[in-house]
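# Examination of the molecular architecture
Now for the letters of each chain:
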Amino acid sequence: MERMNSSVKPGGFRLLRLFLLLLLAVSVYAGTAFGASYTYVSTLGVKGLAVAVDGSGNLYVAEMDNHIIEKYNSSGIYVNTLGVTGETGTDNSHFDNPTAVAVDGSGNVYVADTNNLRIQKYDSSGSYVSTLDGAGEGSFNFPQGVAVDGSGNVYVSDTNNHRILKYNSSGTYVSTLGVTGVPGTDNSHFDQPQQMAVDGSGNLYVADMRNHRIQKFKSDGTYLDTLGVSNELGTDNNHLYYPYGVAVDGSGNVYVADTVNHRIQKFDPTGGYVATLGVTLDPGSDNSHFSSPTGTAVDGSNNLYVADQGNNRIQKYSQSVSVVPAKLTLISPSGTIVTNVPQYRWNSVSASSYSISVWVDGKAVFSRSYTAAEVNCSGGGACYITPSFNIKSGSSARWWVRGVNDGGAGSWSEPLEFAVSAPVLPGKPTLISPIDTINTKSPQYKWNSVATATSYVISIWVDGKSMFGGTFTANQAGCASGGECSVTPPLAVNFGASARWWVRAINGVGAGSWSTPLNFTVVDPIPAAPTLISPSGTTASHTPEYRWNSVNIATSYWISIWIDGKSMFSRSYTAAEVNCSGGGECYITPSLNINSGSSVRFWVRGINGAGAGSWSIPNSFTVD
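Residues numbered from 1 in each chain as written. Predicted model: local features only at pLDDT ≥ 70, side-chain atom pairs only at ≥ 80, totals over all residues. Heavy atoms only, no water.

## Examining the sheet that holds strand 36 (residues 445-448)
Counted only if it meets this: Following DSSP output, two strands are said to pair if at least two bridges run between them. Comment: elements are numbered from the N terminus, with helices defined as DSSP H or I runs of at least four residues and strands as E runs of at least two. Axis geometry follows a simple rule: fit a line to the C-alpha atoms, using only the stretch in contact for helices, then measure angles between N-to-C directions, giving values from 0 to 180 degrees.
Ordered by their spatial adjacency, three strands build an open sheet running 34-36-39, and the pairing between neighbours is antiparallel. Lying at the two open borders of the sheet, with one neighbouring strand each, are strand 34 (430-433) and strand 39 (484-487). Strand-to-strand twist across the sheet, computed as the mean angle between neighbouring axes with direction ignored, equals 30°. With four bridges joining them, strand 36 and strand 39 adopt antiparallel strand pairing. Note on strand 39: the bridge partner recorded for Trp-447 is Cys-485.

## Side note on the pattern of salt bridges
Here is the rule we go by: Definition used for salt bridges: Asp or Glu carboxyl oxygen within 4 Å of a side-chain nitrogen of Lys or Arg. Burial status follows relative accessibility: with a 1.4 Å probe on protein chains alone, a residue under 20% of its type maximum counts as buried, one over 50% as exposed, and anything between as partly exposed.
Overall, the coordinates contain 11 salt bridges when judged by the stated rule. Note that Asp-258 and Arg-263 form a salt bridge whose closest N and O atoms lie 2.8 Å from each other. A single burial state applies to Asp-258 and to Arg-263, both of which are buried. Here Arg-398 ties to Glu-417 by a salt bridge, and the two come within 2.8 Å at their closest N and O atoms. Of this pair, Arg-398 sits in strand 31 (residues 396-405) while Glu-417 sits in strand 33 (residues 416-420), placing them 19 residues apart in sequence.

## Quick notes on the pairing of strand 19 (residues 254-258)
Burial runs high along strand 19: five of the five residues are buried. Residues Val-254, Val-256 and Asp-258 point to one face of strand 19 and Tyr-255 and Ala-257 to the other, with burial holding for every one of them. In this sheet, strand 19 lies alongside strand 18 (residues 243-248) in antiparallel orientation, the contact comprising five bridges. Note on strand 19: the bridge partner recorded for Ala-247 is Tyr-255. The turn linking strand 18 back onto strand 19 is made up of five residues, and Gly-252 within it adopts a positive phi angle of 90°. The sheet contact formed by strand 19 and strand 20 (residues 263-267) spans five bridges and is antiparallel. Its bridge partner being in strand 20, Ala-257 is matched across the sheet by Ile-264. Count of turn residues in the strand 19/strand 20 antiparallel hairpin: four residues, of which His-262 carries a positive phi of about 55°.

## A word on the confidence of the model for the protein
Definition in use: Confidence scores labelled pLDDT are given residue by residue by the predictor and lie between 0 and 100. Contact definition: two residues touch when any of their heavy atoms are within 4.5 Å.
Here the protein shows a mean pLDDT of 91. Residues at 70 or above account for 94%. Note on residues 1-15: pLDDT is under 50 here. Beyond four places in sequence and across chains, it has 40 contacts. Every residue in residues 21-33 scores below 50 in pLDDT, and together they form 29 contacts with partners more than four places removed in sequence or on other chains.

## Considering the state of the cysteines
What makes a disulfide is a covalent bond joining the sulfur atoms belonging to two cysteines. Our working definition: When the sulfur atoms of two cysteines come within 2.5 Å, that pair is taken as a disulfide.
Within this structure, the stated rule accounts for three disulfides. Here Cys-377 connects covalently by a disulfide to Cys-383, the sulfurs 2.0 Å from one another. Because the sign of the S-S torsion sets the handedness, a value of about 90° for the bond joining Cys-377 and Cys-383 places this disulfide among the right-handed ones. Each of the two residues, Cys-377 as well as Cys-383, counts as buried. Linked covalently through their sulfurs, Cys-580 and Cys-586 form a disulfide whose S-S length is 1.9 Å. Every disulfide takes its handedness from the sign of the S-S torsion; for Cys-580 and Cys-586 that torsion is 90°, giving right-handed. Looking at the protein, its bonded cysteines, counted consecutively from the start of the sequence, adopt the pairing 1-2, 3-4, 5-6.

## Remarks on the packing of aromatic side chains
The cut-off we apply is this: Each Phe, Tyr or Trp ring, with Trp reduced to its six-membered ring, pairs with another whose centre is within 6.5 Å; inter-plane angles below 30 degrees give stacked pairs, above 60 give edge-to-face pairs, and intermediate values give tilted ones.
Counted under the stated rule, the structure contains 26 aromatic pairs. Centroid distance Tyr-72 to Tyr-78: 6.0 Å. Interplanar angle 75°. Geometry classified as edge-to-face. Look at Tyr-72 and you get buried, because its relative accessible area is 7%. With a centroid separation of 6.0 Å and 75° between ring planes, the pair formed by Tyr-122 and Tyr-128 is classed as edge-to-face. Classification of Tyr-122 as buried rests on a relative accessible area of 3%. Under the relative-accessibility criterion, Tyr-128 is labelled partly exposed at 31%. Clustering of aromatic rings is evident, with ring pairs tying together Tyr-344, Trp-346, Tyr-354, Trp-399 and Phe-418.

Encoded structure:
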């Protein structure tokens, strides 16, 4: 590539410096654990903003503050320097705040010489080759990222112009991604794009920093995917927070320097979250923490390099290889359903996260990654989630899930298909009880459940007047899973009263028809036969006390006494007169004198408004 414009634009580098100071100042201590699949290898005590690795495992570090690019071999031994340490300049032996570096398949080195508004190319020995400065395309405005694909095409993050420029291997302009000078949040715009990476298929990844996302494009510029949520910072695994650097390994896994979250995020080739290196929102200087990491690179042996900018070092980690999750089995929804926002359930596998894909009427409408905790199966068992998107009635859907762990993404499940029918009102319930004559004032009301009902309304009329109306959820009625529903409303129906009751079912569509009513009357039950206590056997008293156990619904008691085979005493006493209106034992001493030697037999029966109960079993006694 030939230099197209020898002039150098004056000006400082205030924007990037202020941004980096901001990153170092932001720290809120609330973290997720350091990635278990990474093993710390070594530290290089160099303050680098960006890193790159060539095919031989040599490491290149962009030292912005020192105005140089330094090269180290795979063992961390210094090899050479591009630029002059601590010295800025505009000739081909100097840089001014270089912020990014890339290496092509032939070992040529490309440097984003940011304050000099140019991209410099050097061969593998460090000799200057050519300059690209954007002349003819409005020139560069602080370029802060550079990447090279397998065909030698060069991509430049023209940061303050909010665009990506593509040049062929000869330095000829090819195309532009973004709108020059116009920041934006849709997929046709960028806002301060930074470092970039290219995968083996020629797909381009752009760290769209101020939009808190990584944008993926085909080599022809067609938008493919987004990592993170556009224009929305966050700390969970679906969000990023001012991402500055990005790298791709040979398997297509993506590594993001999520700078203000103080972590490196790993995603699989489909964009599903895989793992975290570092502790989220928790800066630190040990080998499990980072402080504002700004660059990342992966070599051919799957070693990961991190430009830990806030700690003035480059960290190297090896990655353990895990077995990818097994193919999982889906549970529901399937068949025909009536809800427009269904819950999705599947059996868990050995996965740290899950990617779900839903197609409706032949089109992809939903795709997202969830951690195992977010889908409620970090401890195993069934996973479930209810995504907040609506499927129209009459639509047919198909969905898949696959597990993801540190080893990558497993195979997609076999799909399940379902159709969403038009919502319908619930059917009419069938009542069970109470019915006819009952003897309890506060009965339990029972009816058969109705499919699709989420709650029930019960109405009770007594002696022609509405006395109760209330709503109970299917859970409260004990029939969320079907079967019989039952409730005991806070209503007492007086003895002798006649009642009529109805139930209707309710779901998200509305209320169904009222049931056919049931009628019942509450009657006062006849008391049971009392149990006698004394006297029995032989007694010395000629006027003994008579005792028996009370009956809880008796209002009075009738006592009958026979002496020597003849009825000698028969009388009714109120419960109060026999001292047991509050329950317990009843007792009374009738004014009846019994001669010595007489044989006596007595009975008691309870009485209430419904009538007289059965006589007790008699007690017999003899008076001495």
